[in-house]
Amino acid sequence: MAGLSSIAGLIVSVWVLLRVGRISRNYLLQARLPDLRKKLRAHRSKLSTLLGDYPDSWGEMQVELQMCDATLRSLAPKVDRAGRVRVRTVEAEMARVCGTAVAPPRERLREIYSSLAGLEQEMDNLIKDIRWRPGA
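Residues numbered from 1 in each chain as written. Predicted model: local features only at pLDDT ≥ 70, side-chain atom pairs only at ≥ 80, totals over all residues. Heavy atoms only, no water.

A. Here's a closer look at the overall build of the protein. A count of helices and strands for the protein gives 4 helices and 0 strands. Listing the helices and strands of the protein from first to last along the sequence gives α-α-α-α. Contacts in the protein between residues far apart in sequence, at least 24 positions, make up 71% of those at least 6 positions apart. Just so you have it, the protein exposes about 8,600 Å², and 60% of that area is on carbon and sulfur atoms. (Helix = DSSP H or I, 4+ residues; strand = E, 2+ residues; numbered from the N terminus. Contact = heavy atoms within 4.5 Å. Areas by Shrake-Rupley, 256 points an atom, 1.4 Å probe, with all protein chains shown as cover.)

This is the structure we're talking about:
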């Protein structure tokens, strides 16, 4: 009987640990997501401006992409698995572009811009969804 109680206690402990981790992540997400969305919007706006003077603005664009990458790295652990996959995909696109010494075609940069716009919209939707979650 004592062995069965120990197993039940272990199962309950693991379940509580997982729930506490999820609650902690949700609060962190509620606190940081609006700020990260605002930063992402600012990066996207700057990229849009720099695309108007492309390819002369390639150096500035590389710097902005690096700063945007830092924002995405901060966002990735705060979202669910599907969100992390999308963030990592955009990060990979940016890494491929920034890894070249020669300015890439404008279309590749527009694709990154579009991906960032889609990610920003997902963040907007997530912020609205969080408001409707129980306990939010």
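Let us keep going from here.
B. Region of the structure containing the pattern of salt bridges. Considering all chains together, one arrives at 9 salt bridges under this definition. Across the salt bridge formed by Asp35 and Lys39, the nearest N and O atoms sit 4.0 Å from each other. Placement of both Asp35 and Lys39 in helix 1 (residues 2-51) is noted, with a separation of 4 residues, approximately one turn of the helix. Take Lys39: its relative accessible area is 38%, and that puts it in the partly exposed class. Ionic pairing is found between Glu120 and Arg41, a salt bridge with its closest N-O pair at 2.4 Å. (Salt bridge = Lys/Arg side-chain N within 4 Å of Asp/Glu carboxyl O. Buried < 20%, exposed > 50% of the residue type's maximum accessible area, 1.4 Å probe, protein only.)

C. A nonpolar patch on the surface, seen in detail. A cluster of nonpolar side chains, namely Val12, Trp15, Val16 and Val20, defines an oily patch on the protein surface of about 390 Å² accessible area. Examined against the element boundaries, Val12 turns out to sit in helix 1. (Patch = residues over 30% accessible without salt bridge, like charges linked within 9 Å, V, L, I, M, F, W, Y side chains within 5 Å.)

D. Spatial organisation of the packing of aromatic side chains. Scanning all chains against the criterion turns up 1 aromatic pair. Judged by centre distance (6.4 Å) and plane angle (90°), the ring pair of Tyr54 and Trp58 falls under edge-to-face. Here Tyr54 and Trp58 have matching classes, each one buried. (Phe/Tyr/Trp six-rings, centres within 6.5 Å; stacked < 30°, edge-to-face > 60°.)

E. Molecular detail of the packing of helix 3 (residues 81-98) against helix 4 (residues 106-132). The contact between helix 3 and helix 4 brings their axes to 10 Å, and the two run at 160°. The angle between the axes of helix 3 and helix 4 places the two elements in the roughly antiparallel class. Relative to helix 4, the crossing made by helix 3 is left-handed. Here helix 3 contributes Arg86, Val87, Val90, Glu93, Met94, Arg96 and Val97 to the contact with helix 4, which in turn contributes Arg108, Leu109, Glu111, Ile112, Ser115, Leu116, Leu119 and Glu122. Among the residues forming the contact of helix 3 with helix 4, the class breakdown is 8 nonpolar, 1 polar and 6 charged. (Axes fitted to C-alpha atoms, helices over the stretch in contact; angles between N-to-C directions. Parallel < 35°, antiparallel > 145°, perpendicular 65-115°, else oblique. Left-handed = near helix turned anticlockwise from the far one by under 90°. Nonpolar A, V, L, I, M, F, W, Y, C, P; charged D, E, K, R; others polar.)

F. Region of interest: helix 4. The end-to-end C-alpha distance of helix 4, which contains 27 residues, comes to 40 Å, matching closely the 39 Å that a straight helix rising 1.5 Å per residue would cover. For helix 4, the complete set of buried residues consists of Leu109, Ile112, Leu116, Leu119, Glu120, Met123, Asp124, Leu126, Ile127 and Ile130. (Expected span 1.5 Å × (residues − 1).)

G. Region of the structure containing helix 2 (residues 58-75). The end-to-end C-alpha separation of helix 2 is 25 Å, in line with the 26 Å expected for 18 residues at 1.5 Å each. The set of residues buried in helix 2 consists of Trp58, Met61, Glu64, Leu65, Cys68, Asp69, Thr71, Leu72 and Leu75. End-on view of helix 2: buried residues confined to an arc of 165°, all on one side of the axis. (Arc of directions from axis to C-beta.)

H. How the structure looks around the environment of Gln30. Among the secondary structure elements, Gln30 is positioned in helix 1. When its relative accessible area of 29% is taken as the criterion, Gln30 is described as partly exposed.

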